[in-house]
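Breakdown of the fold
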Amino acid sequence: FPCSVGVDMNGSPTVQELDIPVVPYASLRQADQATSSILRQAMGTDGLGIVSVSDIPGFSEMRQRLLPLAKRLAAQPREVLARLEDEASSFNVGWSFGRELLDGRVDTRKGSFYANPNMDVPTEDVALIEKYPCYCRPNVWPAPGSDLDDLEPAFKELGQLMYQVGMELLDACLVDERVEFDRDTVSDPACSRGRLLCYLPEVDETTEMATKMWCGWHVDHGALTALCPAMYLGDGGREVACLPGNLPGDLPGGSGVAPAPRPPIPGLHIRTRSGALIRASIRQDALAFQVGEALERISGGALEATPHCVVASESREVSRCTFALFMQPRWSTVLDKSGLTFGEF
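Below you will find a few notes about this structure.

Rules of the game
Residues numbered from 1 in each chain as written. Predicted model: local features only at pLDDT ≥ 70, side-chain atom pairs only at ≥ 80, totals over all residues. Heavy atoms only, no water. Helix = DSSP H or I, 4+ residues; strand = E, 2+ residues; numbered from the N terminus. Contact = heavy atoms within 4.5 Å. Areas by Shrake-Rupley, 256 points an atom, 1.4 Å probe, with all protein chains shown as cover. Polar contact = N/O pair within 3.5 Å; in protein donor to acceptor, adjacent residues only side chain to side chain. Buried < 20%, exposed > 50% of the residue type's maximum accessible area, 1.4 Å probe, protein only. Pairing = 2+ DSSP bridges. Expected span 1.5 Å × (residues − 1). Core = buried A, V, L, I, M, F, W, Y, C linked by side-chain atoms within 4.5 Å. Axes fitted to C-alpha atoms, helices over the stretch in contact; angles between N-to-C directions. Parallel < 35°, antiparallel > 145°, perpendicular 65-115°, else oblique. Nonpolar A, V, L, I, M, F, W, Y, C, P; charged D, E, K, R; others polar. Salt bridge = Lys/Arg side-chain N within 4 Å of Asp/Glu carboxyl O.

Secondary structure summary: the protein chain contains 9 helices and 17 strands in total. Expressed as a percentage of contacts within the protein chain between residues at least 6 apart in sequence, the contacts between residues at least 24 apart total 75%. Carbon and sulfur atoms make up 50% of the accessible area of the protein chain, which amounts to about 14900 Å² in all.

Below, the structure is given as structure tokens:
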């Protein structure tokens, strides 16, 4: 996939702004033919591979409780974070920082905390734990009474809500007779993986803004990714607004909320089927869902994943905090006619 944002003759990014299609939660639960058609159009061959669900009871409050914890977690002393690491899972459980590569070098642009919000112990089968440690290792949480003891309940309540809505979305997709898959096979609670992310400000002043990424181009590995709208936090944890197509400024009604330095189109970008670059805007009160490669295979291509990345802010003060829930098949699930299982994928 391309790894930079194109520019026009004036040096401005050639990126289109586009709001992600929105389905009200009440309509999703009805799962009628009209809603199913919207989902297939958004997530199928001609769509962006992403749709959002609005008006979910309790969602905004849960998001507000969890996302600021990403920045607080990333600011913890090294010895505290080391106790939250799980090397046996290749750092796919607990705290992870500097364990991935971005543009060929160690990625120090984000810190992640991984856990299964549905169950602390996916399995007690030792053989499975040894064979699939990324999926089967137990959760690691901050100790009770610590500065981060509110992380576990906030992570679990939001993660479980996102999983529930994701399963209802899969039900609604199946109303369309052209979409076929086993909903319980597509997403197994034992394999779900939440990822709390804090994208950190750039500290290397030699990095060129035209190629600066918080997360490089990729297609999600799992079946369905539930994605919270990001929260941008400045010094002292103050929330700032990075508004697409506008100068960042105070949040509505937010006396004391500082304006952010102007970013170069930060946030989620999607490469369309035709090759166009889209900056996808997620409403602050909505939960987005992106198709992953596993669901594309299981659905026989009826639903398709699209390449996407996260472009960084040029500010050296603003962090981007978000939460993703990867809904995934069980490790033994066969993905397509080749016989490939998800654990082998």
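Read on, since the account is not over.
With that settled, the discussion passes to the side chain of H308. You can see H308 is positioned in strand 16 (residues 308-311). Looking at H308, its side chain comes within polar contact range of the main-chain oxygen of T306, at 3.0 Å. Beyond its immediate stretch of four places on either side in the chain, H308 contacts G216, W217, H218, V219, D220, L268, H269, I270 and Q290.

All right, on to the pairing of strand 14 (residues 277-281) then. Among the 5 residues of strand 14, 5 are classified as buried, and the element is accordingly described as predominantly covered. Going residue by residue along strand 14, you find L277, R279 and S281 tucked away on one face and I278 and A280 tucked away on the opposite face as well. In this sheet, strand 14 lies alongside strand 13 (residues 267-271) in antiparallel orientation, the contact comprising 3 bridges. When the bridges of strand 14 are listed, R271 appears paired with L277. Two successive antiparallel strands, strand 13 and strand 14, enclose a turn made up of 5 residues, where G275 displays a positive phi of approximately 100°.

What follows concerns helix 7 (residues 151-173). In a regular helix each residue adds 1.5 Å, so 23 residues correspond to 33 Å; helix 7 covers 33 Å between its end C-alpha atoms and thus fits that length. Buried residues dominate helix 7, accounting for 17 of its 23 residues.

Of all hydrophobic cores here, the largest spans 71 residues; its most connected members are M43 and L169. Here this core takes 13 residues from helix 7, the largest share from any one element. Once residues within four sequence positions are removed from consideration, L169 is found in contact with L28, L39, M43, V51, V53, L224 and F289. In this structure, I20, L227, I282 and A288 belong to the second largest nonpolar core, which totals 12 residues.

On to the packing of helix 2 (residues 33-43) against helix 7, then. Viewed as axis vectors pointing N to C, helix 2 and helix 7 meet at an angle of 100°, and their least axial separation amounts to 8 Å. In this view, helix 2 runs roughly perpendicular relative to helix 7, as classed from their interaxial angle. Counting all contacts with helix 2, which are made through S36, L39 and M43, the residues of helix 7 involved are L169, A172 and C173. A per-class count over the contact of helix 2 with helix 7 returns 5 nonpolar, 1 polar and no charged.

Moving on, we come to the pairing of strand 7 (residues 110-115). Of all the 6 residues making up strand 7, 6 are buried; the element is thus mostly covered by neighbouring parts of the structure. Burial of strand 7 is two-sided: the residues K110, S112 and Y114 facing one way and the residues G111, F113 and A115 facing the other way are all buried. With 4 bridges connecting them, strand 4 (residues 94-97) and strand 7 associate as antiparallel partners. Across the sheet, residue W95 finds its bridge partner in strand 7, namely F113. Bridge count between strand 7 and strand 8 (residues 193-199): 6 bridges; the pairing is antiparallel. What sits directly across from K110, in strand 8, is Y199.

Here we take up the pattern of salt bridges. Overall, the coordinates contain 9 salt bridges when judged by the stated rule. Salt-bridge contacts for D150 lead to R72; the nearest nitrogen and oxygen are separated by 3.2 Å. Residue D150 is located in the loop between helix 6 (133-136) and helix 7, and its partner R72 is located in helix 3 (residues 59-74); the two are separated by 78 residues in the primary sequence. On the accessibility criterion, R72 (30% relative accessible area) is partly exposed. With a closest N to O distance of 2.6 Å, D86 and R137 form a salt bridge. Separated by 51 residues along the polypeptide, D86 in the loop between helix 4 (78-82) and strand 4 and R137 in the loop between helix 6 and helix 7 bring together distant segments of the chain. By relative accessible area, R137 is classed as partly exposed at 24%. Beyond isolated ion pairs, a larger network of salt bridges with shared partners links D120, E152 and K156.

The next point concerns the environment of R283. For R283, the position within the fold is in the loop between strand 14 and strand 15 (286-291). Placed 229 residues apart in sequence, R283 and S54 show a C-alpha to C-alpha distance of 8.0 Å. With near-sequence residues (within four places) excluded, R283 lies in contact with V22, S54, D55 and P229. Within the structure, R283 has its side chain in polar contact with the side chain of D285 (distance 2.9 Å).

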